[in-house]
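Overview (structure and organization)
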Amino acid sequence: MSAPLKLLRDHLPEGMAVPVRWLHAQGISSALVQRYVGSGWLEALPGQAYLRPGVPLAWPAAIYAAQQVGLPVHVGHLSALAVQGLSHYQPLGNGSPLHLYLPGRTPAWLAGLPFSITWHRESVVAEDVPGEALAPPTLRQPLLKLPVGRKLALASVSRLPWPVYVSTPERAALELVAGLTRGDSWDTAYETFSGLSMLRPPVVRDLLLACPRVVTRRIFLHLAQRSNHAWWPHLDLSDIDLGRGDRQVVPGGQLDSQWHITVPRQESDLAF
């Protein structure tokens, strides 16, 4: 067995998609890549991604590889809650899209993977995370220092087959809230917040301080107060900018006079 082929076998797990630049960084030329595709050692995917066949392609392996090669992409929103066993309202799979957060343009090799993905490019949390062009010599052992690891309130999940960085419940809740200004479901938000009894007040505070949108902070606090979990009274709101004046979030909704946003009219609040 040739040295490049042995390297491919030893350092690229089966069923893990990688960009062609990772193969090149390991000394596998374009000519060798094409030869390995022809011989069945590699499978070509859209956008110049390649896969060692033998194990079906699954999103945890693909996102793990993307994070390892330097992309600050992470799993967030309801998907992050689902992989942590916290989303009884919308479990991952069964047609639910995978919510991925990545600032800027999505590389073609990652965008072309055959998964149902909802891409989020907004800055729910203001943070400076450069996308470094890493080329780890092996993908069997994860790097400990990655661009994605510099994001606030992310963690790797032991429930997944690969150590993928996902939003903690606190950040996932904030990401869910951010979608409400774009027409996402308030019913889902209320239902989800009702189960978030484990949020940590210091982490929530850090996220609210780093959130660039006043209206997102206000909606989060409305949902948190309405859920009335044990952590709510311990949340320190000092120095958190909530702006001034009323904001129309839900056209025709009722005004939450404490947080100064319009919210959906609940059936118990309607006058008959």
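What you see is a predicted model; the values in this text were computed from it and never measured.

All right, on to helix 9 (residues 201-210) then. Along helix 9, 7 of the 10 residues are buried, which leaves the element largely enclosed by surrounding structure. Of all the residues in helix 9, the buried ones are Pro201, Val203, Val204, Arg205, Leu207, Leu208 and Ala210. In this structure, the buried side of helix 9 is in contact with helix 7 (169-178) and helix 10 (214-227).

This part is about the packing of helix 7 against helix 10. Contact geometry for helix 7 and helix 10: axes closest at 9 Å, N-to-C directions at 115°. Between helix 7 and helix 10, the angle is such that the two are roughly perpendicular. When you trace helix 7 past helix 10, the crossing you get is right-handed. Note on element contacts: helix 10 touches helix 7 through Thr216, Ile219, Phe220 and Leu223, opposite Glu170, Ala173, Leu174, Val177 and Ala178. A class-by-class count of the residues in the contact of helix 7 with helix 10 yields 7 nonpolar, 1 polar and 1 charged.

For the protein, mean pLDDT is 91; residues scoring 70 or higher make up 93% of the total. A low-confidence stretch, residues 267-272 stays under pLDDT 50, and its non-local contacts, those more than four residues away or across chains, total 3 contacts.

Helices that pack against each other are described as a pair by the angle of their axes relative to one another and the distance between those axes. Viewed as axis vectors pointing N to C, helix 7 and helix 9 meet at an angle of 40°, and their least axial separation amounts to 9 Å. One way to sum up the angle between helix 7 and helix 9 is to call them oblique. Considering how the two elements wind past one another, helix 7 and helix 9 form a crossing that is right-handed. Of helix 9, the residues touching helix 7 (which contributes Glu170, Arg171 and Leu174) are Val203, Val204, Leu207 and Leu208. Classifying every residue of the contact of helix 7 with helix 9 gives 5 nonpolar, no polar and 2 charged.

Moving on: the pairing of strand 5 (residues 98-101). Burial along strand 5 is two-sided: Leu98 and Leu100 and His99 and Tyr101, pointing in opposite directions, are all buried. The pairing of strand 5 with strand 6 (residues 117-120) spans 4 bridges and is classified as parallel. By the bridge assignment for strand 6, tyrosine 101 is matched with histidine 120.

Right, let's talk about the pattern of salt bridges for a bit. Oppositely charged side chains can form a pair if their charged atoms are brought close together. All told, the structure shown has 8 salt bridges when counted by the stated rule. Across the pair glutamate 122 and arginine 182 runs a salt bridge whose closest N-O atoms are separated by 3.0 Å. Here the residue glutamate 122 occupies a position in the loop between strand 6 and strand 7 (154-156), and arginine 182 occupies one in the loop between helix 7 and helix 8 (186-194), the gap between them amounting to 60 residues. Here glutamate 122 falls in the partly exposed class, since its relative accessible area comes to 30%. Classification of arginine 182 as partly exposed rests on a relative accessible area of 44%. As a salt-bridge pair, glutamate 170 and arginine 200 come within 2.9 Å of each other at their nearest N and O atoms.

Turning next to the environment of tryptophan 186. Locating tryptophan 186 in the fold gives a position in helix 8. A C-alpha to C-alpha distance of 9.7 Å links tryptophan 186 and leucine 176, two positions 10 residues apart in sequence.

If you walk across this open sheet you meet the 3 strands as 1-3-2, and the pairing is antiparallel. Taken across any chain shown, the strands that pair with only one partner, and hence form the sheet edges, are strand 1 (17-19) and strand 2 (43-45). On average, adjacent strands in this sheet sit at an angle of 35° to one another, irrespective of strand direction.

Another aspect to go through is the side chain of threonine 216. With respect to the secondary-structure elements, threonine 216 resides in helix 10. Non-local contacts of threonine 216, meaning those with residues more than four positions away in its chain, are made with Leu174, Val177, Ala178 and Cys211.

Per the counting criterion, the structure on display carries 4 aromatic pairs. Relative to phenylalanine 220, the ring of phenylalanine 193 has its centre 5.4 Å away and its plane inclined at 75°; by these criteria the two rings are edge-to-face. Residue phenylalanine 193 is located in helix 8, and its partner phenylalanine 220 is located in helix 10; the two are separated by 27 residues in the primary sequence. On the basis of relative accessible area, phenylalanine 193 is assigned to the buried category, the value being 1%. Judged by its relative accessible area of 2%, phenylalanine 220 falls in the buried class. Directly above the ring of tyrosine 190 sits arginine 226, whose terminal nitrogen or CZ lies 4.4 Å from the centroid.

What counts and how
Residues numbered from 1 in each chain as written. Predicted model: local features only at pLDDT ≥ 70, side-chain atom pairs only at ≥ 80, totals over all residues. Heavy atoms only, no water. Buried < 20%, exposed > 50% of the residue type's maximum accessible area, 1.4 Å probe, protein only. Helix = DSSP H or I, 4+ residues; strand = E, 2+ residues; numbered from the N terminus. Contact = heavy atoms within 4.5 Å. Axes fitted to C-alpha atoms, helices over the stretch in contact; angles between N-to-C directions. Parallel < 35°, antiparallel > 145°, perpendicular 65-115°, else oblique. Left-handed = near helix turned anticlockwise from the far one by under 90°. Nonpolar A, V, L, I, M, F, W, Y, C, P; charged D, E, K, R; others polar. pLDDT = per-residue confidence, 0-100. Pairing = 2+ DSSP bridges. Salt bridge = Lys/Arg side-chain N within 4 Å of Asp/Glu carboxyl O. Phe/Tyr/Trp six-rings, centres within 6.5 Å; stacked < 30°, edge-to-face > 60°. Lys NZ or Arg CZ within 6 Å of the ring centre and 35° of its normal.

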